[in-house]
Amino acid sequence: MGKSLRYTYPAIFFHWLMAAMIFVAFAMGLYMVDLRISPDKLKLYAWHKWIGVAVFMLAAFRLWWRLLNAPPPAAPMPAWQRNL
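This report concerns the structure included in the present document. (Residues numbered from 1 in each chain as written. Predicted model: local features only at pLDDT ≥ 70, side-chain atom pairs only at ≥ 80, totals over all residues. Heavy atoms only, no water.)

We now examine the nonpolar core. Residues Phe14, Met18, Met21, Ala25, Met28, Met32, Leu44, Ile51, Val55 and Leu58 constitute the largest nonpolar core, which totals ten residues. With six residues, helix α1 (residues 9–32) is the single largest residue contributor to this core. If sequence neighbours within four positions are ignored, Met21 has contacts with Ile51, Ala54, Val55 and Leu58. (Core = buried A, V, L, I, M, F, W, Y, C linked by side-chain atoms within 4.5 Å. Buried < 20%, exposed > 50% of the residue type's maximum accessible area, 1.4 Å probe, protein only. Helix = DSSP H or I, 4+ residues; strand = E, 2+ residues; numbered from the N terminus. Contact = heavy atoms within 4.5 Å.)

A few words on the layout of surface pockets. Considering only enclosed or pocket space, the largest pocket measures out at about 340 Å³ in volume. Only α1 and α2 (39–68) provide two or more residues apiece to the lining of the largest pocket. A per-element tally of the lining of the largest pocket places α1 first, with six residues. In terms of residue class, the lining of the largest pocket is built from eleven nonpolar, four polar and four charged. (1 Å grid on protein atoms, 1.4 Å probe; cavity = no way out; pocket = protein on both sides within 12 Å on 5 of 7 lines; lining within 4 Å. Points joined across faces, edges and corners; volume = space filled by probe spheres on them. Nonpolar A, V, L, I, M, F, W, Y, C, P; charged D, E, K, R; others polar.)

Okay, the environment of Leu35 next. Within the secondary structure layout, Leu35 lies in the loop between α1 and α2. For Leu35, a relative accessible area of 27% puts it in the partly exposed group. For the pair formed by Leu35 and Tyr7, sequence separation is 28 residues and the distance between their alpha carbons is 41 Å. In this view, Leu35 contacts Lys41 and Leu44; residues no more than four positions away in its chain are not counted.

If you trace the backbone, Lys41 turns up in helix α2. There is no salt bridge for the buried Lys41, and the closest opposite charge comes from Asp34, which lies 7.4 Å off by N-O distance. Setting aside residues no more than four positions away along its own chain, Lys41 makes contact with Met32, Val33, Leu35 and Arg36. (Lys, Arg positive; Asp, Glu negative; His and termini not counted. Salt bridge = Lys/Arg side-chain N within 4 Å of Asp/Glu carboxyl O.)

Close contact between α1 and α2 brings their axes to 9 Å; oriented N to C, the two are set at 155°. Considering the angle they form, α1 stands roughly antiparallel to α2. α2 is crossed by α1, and the crossing has left-handed handedness. In terms of residue class, the contact of α1 with α2 is built from 22 nonpolar, three polar and two charged. (Axes fitted to C-alpha atoms, helices over the stretch in contact; angles between N-to-C directions. Parallel < 35°, antiparallel > 145°, perpendicular 65-115°, else oblique. Left-handed = near helix turned anticlockwise from the far one by under 90°.)

Next up, the structure:
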């Protein structure tokens, strides 16, 4: 069987899951920075922290996945794009 021409479905899923989590954590951070100290702000800080921990764990999983599953070959492109 030849090499796949695209990333595996788990790799794509975890990529977009991490992107969504980073976006949510960033937006949450911008929102909560100006809040007064309150139980709600502390709850947001806890969620923000655990999203960060989850992103870190998913990054470790993605690294492990990448070591076991080679990426697809690069698409043909001019040398200047490949070097960039």
